[in-house]
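Chain by chain, the residues:
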There are 2 protein chains.
Amino acid sequence: MSSEKNPTRERILKAAWSLLESGEGGAVRMSDIAKASKISRQALYLHFPNRADLLIATTRYLDEVHDIDGRLTKSRKAGSGSARLRAWVEAWSEYIPVIYGVAKALMAMKDDDPEALAAWNDRMSAVREGCSAVVADLKAEGALVGHLSEEEAADLLFALLSVRTWEELRIERGWTQARYVNLMQETARRTFLKLNS
Amino acid sequence: MSSEKNPTRERILKAAWSLLESGEGGAVRMSDIAKASKISRQALYLHFPNRADLLIATTRYLDEVHDIDGRLTKSRKAGSGSARLRAWVEAWSEYIPVIYGVAKALMAMKDDDPEALAAWNDRMSAVREGCSAVVADLKAEGALVGHLSEEEAADLLFALLSVRTWEELRIERGWTQARYVNLMQETARRTFLKLNS
DNA sequence: TTTTCACTTTACACAGTGTCAAGTTGACAT
DNA sequence: ATGTCAACTTGACACTGTGTAAAGTGAAAA
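*Asks:* Tell me what's going on with the overall build of chain A, and back it up with residues and numbers.
*Replies:* A tally of regular secondary structure across chain A gives ten helices and zero strands. Taken from N to C terminus, the helices and strands of chain A fall in the order α-α-α-α-α-α-α-α-α-α. Dimensions of chain A, computed from the C-alpha atoms along their principal axes, are close to 60 × 35 × 30 Å. Counting over 197 residues, chain A shows a buried share of 50%. Sequence separation of at least 24 residues holds for 68% of the intrachain contacts in chain A that already meet a minimum separation of 6. A total of about 9,200 Å² of accessible surface is found on chain A, and carbon and sulfur atoms cover 51% of it. Averaging the positions of the 28 positive and the 28 negative side-chain charges in chain A gives two centres separated by 4 Å.

Have a look at this one:
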C-alpha cells in the first residue's frame, strides 16, 4: 500500500529494521540508523518527526511486509475450537521472532514515551483480538474451562503468549523455537480446554 | 544486618524505595532521589558509585526488610507437592507487588547496564531456585506431568510467575491481586500436575 | 587548635535527542 | 542557460540526565 512510493523513507525503514533485528549490542541510536541508511542524521528528521515515530513506522512496515494481520486471521479458520487454539498459538508464536527486535525497542520506549505506548498497544490489539476470538470459539462450543470467564481466559492467553514470555524462554533460557511452540500449545490446551483428551 | 549503621545511606534507600514504589510518573532520576533524601545530588555519589548500584542496593534493602528469602523458603514446607506448588505460587505472587517499583526500574536498566543485569539475575535466582525445588518435589512424588522435563517445567513456572506477566495482568488488564493469585494457582495446577483432581 | 568527616556548591565533560539556519546538488521547466 | 524546487548536507546549538572534579563549610573528634 504505502510502500514503494518514497525510496529514501523505505531505505531508512529497512536499515532500522535490520539494525533492530540484529540487536548489534545495545540500543539503536538515530545516528546508527542514519549511518546504515547512508544519510545524515538530520535528514532522518525530514522523514520522521522523532525516534518514536520512526520505530512505529518500522513496526508497521514489518507488519505490512509480512502481512501479519492476514496470516493471523487465516489461522482462525481451523476446524474445532481446540484446533483453532493450537493454530492460533502457533501462528503468533512464529511471528514473534520476526518482530522481536523492533518490539524490544518499542517496549523499552513505552515507559517514557506515551506515543510509543500507544503505538505498542495499537500493534498488540490484533493479537488481543485473536486471543478473544479463539476464546469466544471455545466458549461457544462449550470447550472453555469452567473456572475462567471469557475475558479472564483471553487476558491469560494473551499474557501467556506475550513477547516477554517468549523472550524469557527462548532467549534467556535458551529454548528452541520448536520446543517453545509445542509446550505453549500443550500449556494452552491444559489451561483453557475443559476436557484434557 | 547491614542496616542501622549509616543513617544517611538508609535515608537514601528509603527515599529511592518510596519514589520507585509510587511510580511518580516515569523514570526516577538521581536528582529526584537526592531531593527526597534532602541531600545534594552529588552527595548521592558519596554513598553509591552510580545509579545502577543505588537501585541494586535498594532491592537488597527491600529484600532485607521484608525477609524475602525467609518467607519464600518457608512456603516450601507445605505437605504434598501440589500443596507446595500452591503455597509457592502464593508466596511469590504476594511478594511481587512489594518489589514491583524497584523491579521495574531495574528491568528497564538491564538492557543497557551489564551490572544491572547481573543484579537482576542475582535477585531472581532465589525465585528460580524456588521454582526448581517445587518442580523437583513434584517429580519425586510422580506428580509432575509427563510431557515436561524437570528443567522445562521449572523454566515454564518461572516464566508464568514472572514480574512481566504479573504486570500485564494486574496493571495492564486490571486484575485484582486475589484473582491473579487464584488463577495462577489454578493454571499452575493444570499445567504441571499429572492428575487434575 | 587542628584534623577529619560528611556534606554543599559550582563547574564541567559526555551522550543522545531534537531544532535551526545556511548551504549544496541535481532534476526539471521555461 | 537560467531559475526554481525538493531533497539532502553541514555545522551549530539547546536540553536532559549521568557522572566527575575541586574548593569550601561546619561540626565534632583528637
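Resuming the write-up.
*Asks:* An account of the packing of aromatic side chains is needed here, citing residue identities and associated values.
*Replies:* All names here are of chain B. The final tally for this structure, using the stated rule, is six aromatic pairs over all chains. Ring plane angle 80° and centroid distance 5.8 Å describe the contact between W17 and Y61, whose orientation is recorded as edge-to-face. Separated by 44 residues along the polypeptide, W17 in helix α1 (residues 7-22) and Y61 in helix α4 (residues 51-66) bring together distant segments of the chain. With relative accessibility at 16%, the residue W17 sits in the buried group. Their ring planes at 55° and their centres at 5.1 Å tell us that Y100 and W166 sit as a pair that is tilted. You can see Y100 sitting in helix α6 (residues 81-109) and its partner W166 sitting in helix α9 (residues 163-172), a full 66 residues away along the chain.

*Asks:* Account for helix α6 (residues 81-109) of chain A, naming residues and giving values.
*Replies:* Over its 29 residues, α6 of chain A extends only 36 Å from the first C-alpha to the last, a length that falls short of the 42 Å expected when each residue adds 1.5 Å. Roughly 65° is the biggest bend found in α6 of chain A, and it falls at I99 of chain A.

*Asks:* Give me the interface of chain B and chain A: which residues, what numbers.
*Replies:* Each partner contributes residues to the interface: chain B has 28 residues there, and chain A has 28 residues. For the pair chain B and chain A, the two sides together bury roughly 2,700 Å², of which 56% comes from carbon and sulfur. Along the contact surface separating chain B from chain A lie five salt bridges. Ionic pairing is found between R179 of chain B and E152 of chain A, a salt bridge with its closest N-O pair at 3.2 Å. Counting every contact that joins chain B to chain A gives nine residue pairs in polar contact (both at pLDDT 80 or more).

*Asks:* Tell me about the protein's contact with DNA strand D, and please be specific about residues and values.
*Replies:* In the region of DNA strand D, 15 residues are neighbours, and T8, S40 and H47 of chain A together with R29 and R41 of chain B sit closest. Here T8 of chain A contributes a side-chain N or O atom positioned 2.5 Å from a phosphate oxygen of DNA strand D. R29 of chain B places a side-chain nitrogen or oxygen 2.8 Å from a phosphate oxygen of DNA strand D. At the level of secondary structure, the elements contributing two or more residues to the surface near DNA strand D comprise α3 (41-47) of chain A together with α3 (41-47) of chain B. Here the residues of the surface near DNA strand D sort into six nonpolar, six polar and three charged.

*Asks:* How would you sum up the domain arrangement of chain A? Please name residues and give values.
*Replies:* All names here are of chain A. According to the domain assignment, chain A contains domain 1 (7-63) and domain 2 (68-192). Measuring from the centre of the C-alpha atoms in domain 1 to the corresponding centre in domain 2 gives 27 Å. Residue-level contacts link 13 residues of domain 1 with 14 residues of domain 2. Across the domain 1/domain 2 interface, buried area totals approximately 1,300 Å², and carbon plus sulfur atoms make up 63% of it. Among the residues domain 1 hides against domain 2, the three largest losses belong to L20, L62 and D63. Together they make up 37% of the total. Inspection of the region where domain 1 meets domain 2 yields two salt bridges. A salt bridge links R123 to D63, with the shortest nitrogen-to-oxygen separation between them at 2.2 Å.

*Asks:* Please provide a residue-by-residue account of the environment of I39 of chain A, values included.
*Replies:* Here I39 of chain A lies in the loop between α2 (30-36) and α3. If near-sequence neighbours (up to four positions away) are discounted, I39 of chain A is found in contact with T8, I12, A34 and L44 of chain A.

*Asks:* Describe the pattern of salt bridges, naming the residues involved and giving the relevant values.
*Replies:* Applying the stated rule across the entire model yields 23 salt bridges over all chains. Note that R60 of chain B and D122 of chain B form a salt bridge whose closest N and O atoms lie 3.2 Å from each other. One end of the pair, R60 of chain B, is in helix α4; the other, D122 of chain B, is in helix α7 (residues 114-141), and 62 residues separate them in sequence. The class of R60 of chain B is partly exposed, set by a relative accessible area of 39%. Judged by its relative accessible area of 33%, D122 of chain B is partly exposed. Here E167 of chain B makes a salt bridge to R164 of chain B, at a shortest N to O gap of 3.3 Å. Note that E167 of chain B and R164 of chain B are positioned in helix α9 at a spacing of three residues, about one turn of the helix. Accessibility classification places E167 of chain B together with R164 of chain B in one group, the buried group. It is possible to trace a salt-bridge network through shared partners that takes in R60, D63, D122 and R123 of chain A.

Cut-off values and rules
- Residues numbered from 1 in each chain as written.
- Chains lettered and ligands numbered in written order.
- Predicted model: local features only at pLDDT ≥ 70, side-chain atom pairs only at ≥ 80, totals over all residues.
- Heavy atoms only, no water.
- Helix = DSSP H or I, 4+ residues; strand = E, 2+ residues; numbered from the N terminus.
- Buried < 20%, exposed > 50% of the residue type's maximum accessible area, 1.4 Å probe, protein only.
- Contact = heavy atoms within 4.5 Å.
- Areas by Shrake-Rupley, 256 points an atom, 1.4 Å probe, with all protein chains shown as cover.
- Lys, Arg positive; Asp, Glu negative; His and termini not counted.
- Charge placed at Lys NZ, Arg CZ, Asp CG, Glu CD.
- Phe/Tyr/Trp six-rings, centres within 6.5 Å; stacked < 30°, edge-to-face > 60°.
- Expected span 1.5 Å × (residues − 1).
- Bend = angle between axes of the 7 residues up to and from the residue.
- Buried area = accessible area lost by both parts, 1.4 Å probe.
- Salt bridge = Lys/Arg side-chain N within 4 Å of Asp/Glu carboxyl O.
- Polar contact = N/O pair within 3.5 Å; in protein donor to acceptor, adjacent residues only side chain to side chain.
- Near = heavy atom within 4 Å.
- Nonpolar A, V, L, I, M, F, W, Y, C, P; charged D, E, K, R; others polar.
- Domains from an automatic or database assignment.

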